[in-house]
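Listed here are the chains, written in short residue letters.
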Amino acid sequence: MGQFRTKQLVLSLAALLSPVVVMAVAAAQTTTASTPALNPALTLSAAQPAQEPGVIDFENVQGPQLGAGIELSDQYAASHGVRFGRGASVHFCARVFDDVNASLCSYPQAASGRRAAAHDVRSGGPAMVMDFSKPVSVVAMRINPTGGAEGEAFVAELRGFDASGVQRAQTDVRFNWSKDAFTWPTSASLGAARAQLSRVTVLLRRTAQNNQPVRFLIDDLSLQYAPDNAVSPVAAAIAEQKGPPRVRDAAVVQSKEIGAAQAALRVYPAAVRKRTVIDWDAVEAALNAQQEMALAATPYNGERFVAAAELPLLLPASAEPGSTTIVGNPDSYNATFKVGGVTYSLYGSRLLTVIAKNGDAPGVNDAVTFAGTEQALTASFSVYGAAYALTRHCADESVTADPACHDRDALAAIAGDLVVVVGDAGRARP
Amino acid sequence: MSQLLARFDKNWIGVAAIAFMLAACADDAGVTPDPDPDPDPDPVVVDPALPADWQNPPGDLLAGSSTTHGSTGVTDASVVAPFMRFPFEEGPAFANSQIFGQGGGGYGGGAWPAPGGSENDAANFDYAWRDNFCEARTNPAKHTNALCDGGLGHNGQDIRPATCENAVHWLVAPEDGHISWVGSISVNVFGAESGYIYKHLHMQTPLPGWVEVGAPVTKGQRIARVSDRLSSSSRATTVHLHFEIHGSAEIDGVMRTGPLPPYSSLVEAYMDLVADNPDQIDPVAPPADITKCTEPQWP
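Just so we're clear, the structure is a prediction, and the values are computed from it rather than from any experiment.

Points about the overall build of chain A
Summing up its helical and strand segments, chain A has nine helices and 23 strands in all. Here chain A holds 430 residues, and the buried ones make up 55% of them. Put simply, 69% of the contacts in chain A that link residues at least 6 apart link residues at least 24 apart.

Some details on the overall build of chain B
Counting its regular elements, chain B contains three helices and 11 strands. Counting helices and strands in the order they occur from the N terminus, chain B gives α-α-β-β-β-β-β-β-β-β-β-β-β-α. By the burial criterion, 54% of the 299 residues in chain B qualify as buried. Long-range contacts, defined here as pairs at least 24 residues apart, represent 68% of the contacts in chain B between residues at least 6 apart. In the form shown here, chain B has an accessible surface area of approximately 11900 Å², with 56% of it arising from carbon and sulfur atoms.

Considerations on the interface of chain A and chain B
Taken residue by residue, the interface counts 71 residues in chain A and 76 residues in chain B. Inspection of the region where chain A meets chain B yields three salt bridges. When the shortest N-O distance is used, the salt bridge between A:Lys274 and B:Glu250 registers 3.2 Å. In this assembly, chain A and chain B are joined by 28 residue pairs in polar contact (both at pLDDT 80 or more). Broken down by element, the residue count for the side of chain A that touches chain B peaks at five residues, all from strand 22 (residues 386–393) of chain A. Of the residues contributing to the side of chain A that touches chain B, the split by class is 32 nonpolar, 26 polar and 13 charged. The sheet contact formed by strand 19 (residues 351–354) of chain A and strand 10 (residues 241–251) of chain B spans two bridges and is parallel. Bridging across to strand 10 of chain B, A:Thr353 finds its partner in B:Ala249.

Thoughts on the nonpolar core
Residue and element names in this part refer to chain B. Phe-86, Trp-129, Ile-159, Ile-245 and Tyr-270 are the most contacted members of the largest nonpolar core, which totals 56 residues. Secondary structure elements with two or more residues in this core: strand 1 (94–95), strand 5 (186–191), strand 9 (222–226), strand 10 and helix 3 (263–276). When sequence neighbours within four positions are dropped, the list of residues in contact with Trp-129 reads Trp-54, Gln-55, Asn-56, Phe-86, Ala-93, Phe-94, Ala-95, Tyr-263, Leu-266, Val-267 and Tyr-270.

Some details on the side chain of A:Arg159
All names here are of chain A. Considering the arrangement of structural elements, one finds Arg-159 in strand 7 (residues 153–161). With relative accessibility at 16%, the residue Arg-159 sits in the buried group. At 3.3 Å, the side chain of Arg-159 and the backbone oxygen of Thr-171 are in polar contact. In this structure, Arg-159 is in contact with Gln-167, Ala-169, Gln-170, Thr-171, Asp-172, Leu-190, Arg-199, Val-200 and Thr-201, ignoring residues within four places of it in sequence.

Remarks on the pairing of strand 18 (residues 342–349) of chain A
All names here are of chain A. Burial of strand 18 is extensive: eight of the eight residues sit out of reach of the surface. Here strand 18 shows two buried faces, one formed by Val-342, Tyr-344, Leu-346 and Gly-348 and the other by Thr-343, Ser-345, Tyr-347 and Ser-349. Judged from the eight bridges that link them, strand 17 (residues 332–339) and strand 18 form a sheet pairing that is antiparallel. Counterpart to Ser-332 in the pairing with strand 18 is Ser-349. Adjacent in sequence and paired antiparallel, strand 17 and strand 18 are bridged by two residues, among which Gly-340 carries a positive phi angle near 60°.

Digging into the state of the cysteines
The full count for this structure, using the stated rule, is two disulfides over all chains. Covalent S-S linkage joins A:Cys394 and A:Cys405, the inter-sulfur distance amounting to 2.0 Å. Taking the sign of the S-S torsion, about 65° here, the bridge from A:Cys394 to A:Cys405 comes out right-handed. With a gap of 11 residues between them, A:Cys394 in the loop between strand 22 and helix 9 (408–415) and A:Cys405 in the loop between strand 22 and helix 9 connect regions that are remote in the sequence. Take A:Cys405: its relative accessible area is 0%, and that puts it in the buried class. One disulfide bridge connects B:Cys134 with B:Cys148, the sulfur atoms lying 2.1 Å from each other. Because the torsion about its S-S bond is -95°, the bridge between B:Cys134 and B:Cys148 counts as left-handed. Of this pair, B:Cys134 sits in the loop between strand 1 and strand 2 (157–160) while B:Cys148 sits in the loop between strand 1 and strand 2, and the two are 14 residues apart along the sequence. Classification of B:Cys148 by relative accessible area gives buried; the value is 1%.

Cut-off values and rules
- Residue positions are counted from 1 within each chain, in the order its sequence is given.
- To read the labels, note that chains go from A and ligands from 1, taken in the order they are written.
- Local features in this predicted model are restricted to residues of pLDDT 70 or higher, and side-chain atom pairs are both shown and tallied only at a pLDDT of 80 or more, whereas totals for entire chains, interfaces and linings draw on every residue.
- No hydrogens and no water enter the side-chain calculation; it runs on all heavy atoms of the structure.
- Helix and strand assignments follow DSSP, with helices taken as H or I runs no shorter than four residues and strands as E runs no shorter than two, numbered in order from the N terminus.
- The classification of residues rests on relative accessible area computed with a 1.4 Å probe and restricted to protein chains. Under 20% of the type maximum is buried, over 50% is exposed, and intermediate values are partly exposed.
- Whether two residues are in contact is decided by their heavy atoms: any pair within 4.5 Å suffices.
- Under the convention used here, a 1.4 Å probe and the Shrake-Rupley method define accessible areas, while residue burial counts only the protein chains that appear.
- Here, a salt bridge means any side-chain nitrogen of Lys or Arg that lies within 4 Å of a carboxyl oxygen of Asp or Glu.
- N or O atoms within 3.5 Å of each other form a polar contact, as long as, within protein, one can give a hydrogen and the other can take it, and as long as residues adjacent in sequence are counted only when both atoms are side-chain atoms.
- Three classes are used, and their members are as follows: Ala, Val, Leu, Ile, Met, Phe, Trp, Tyr, Cys and Pro are nonpolar, Asp, Glu, Lys and Arg are charged, and the others, Gly among them, are polar.
- DSSP bridges decide pairing: two strands pair if at least two such bridges lie between them.
- Take the buried residues of types Ala, Val, Leu, Ile, Met, Phe, Trp, Tyr and Cys, join any two whose side-chain atoms come within 4.5 Å, and each joined set is a nonpolar core.
- When the sulfur atoms of two cysteines come within 2.5 Å, that pair is taken as a disulfide.

Spelled out as structure tokens, the structure:
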């Protein structure tokens, strides 16, 4: 069993993983029906294969095999592009030597083969740290505590960060001693289709001890290397914007509830609203480019709103599976989704309310404007003729409690993962 | 219907328009009896009986309370959401400044002082309404507003409910639509008619499962209660609703998405509310037990 180092193992392991990764992998490999092509002559290209997966079984680490184990650091840097942080070591778990009890293996068995990797919180801090020279999109492993009381609950916390240090993925896996231990039945994984994770941390909390981090073992670390991410057509279109997004073509519209008689009875006049003209040719070009890149939106809830939308919808390609919910009407929509455990909203509209400002504001000539509040950070921009706003919500709606929520670079990174989606109504180019 | 009739005496143009329409109908009626007479009773003009000058005009902030120490906010009086229902289930309600009202803390460490007093002062729960969109806020990281002079200012309108009682007064959906966000102290509604996002802050959010993102709501449906929360663990503000209308706008020919001035829309919606509920106009006496203003009253 320990000698399996093939993709087959990765796939079988993925099948055992949490639904999160199973869905993420599915998202990466499937072009969904939610991104129909404007040009039916184009056929869907095969999903862009990620680079070959890698498996580390910790069997071939050189060094003394007994006692406290072999310190892990850069033994897999050349072969797998990963360096382990302080506190990681490899232990011999098979009952071959008399001093097996001197290792951290509480039960003389590894998930595969004879060895497993351990993390010691005393020497390495609370979390095992893995830094990748070659970014990964999915990381999976078996995880085992080194001991516990019968029925005791544990939580494995996996976090993934991009090269900028921005958290892009997270997974919490809960299990119990001893039914989820000894035979290594517990898998933990994280990732997303377009994630480019340069650092992954793994931490195990023991709930019976105030959630204190405790030492643990992992075995058969599986890595899915991230594909080379070309800039998405949407991100490229946003980047091409120069200067303020001026309203070019738009027609005045009137709400069905703002008839002339009713308007005359108002104390104040109803605002003028305009409906913009969408650049459907540019949208079609973006859709075609996305197909060639096998780039698709993460599956979402709210298909009927997408079908009825008469504007191009921008949606995330690397949201946490199941986290995207869309509401809308033909001219506007709002999508909420999560990336790396953080909640975002994306609002889009082709209806503009004409309003006069009071004085000048900085940034009025920028193509993208950022607006911060106590609760969120929003980037406002225009592309394809419609207006959009991408918002990162602060944890507990407080930037004081969550200063990272105002990181503009992190918000821009999310914008770089947006794709354009057109529904049935949009294909008529209204 | 009664909402419209209640407006007949507000505006000469409206009266003239209705008179014109009635005259046109009378011409037809002179030769052919109406085969489908209006089942409604004879129109009765309902006077909301709001006090004279019950609302200051849009953009007329408290003296010195703007970010530039002036008193001018967004003076464009356009009603951005004429289809909106007033966000409180019941009146009376009082749109005014929190931080510059009685008991408010002012702003900027004394640079914009407050009058002192108590949050529960009767003056806070009385007319006249006052716009506070673009009110002084100077932290560029937290208070960006492209419509305000200098690009900084309050992003919404503060509204006090009838009394200072915490987590008692109901917030209702301003339009048919869907819940688009539920935070620890906020509930947002996507308006199906307008396409706007209505943001409601400082809410005692409903129990889990009551409303959730994607859930449909109908105009007037209860969605949360008004509280004094700044976060899930902080109750450091007054009992009030911070109300925002977010949408895309054309501002000097440029397309932007963000907060729109809500004051004039609230004026219209409030007149609709009290026209149908004339018993909900007058200020009410504060609660005898003032602790109700500080203790949560949930459910």
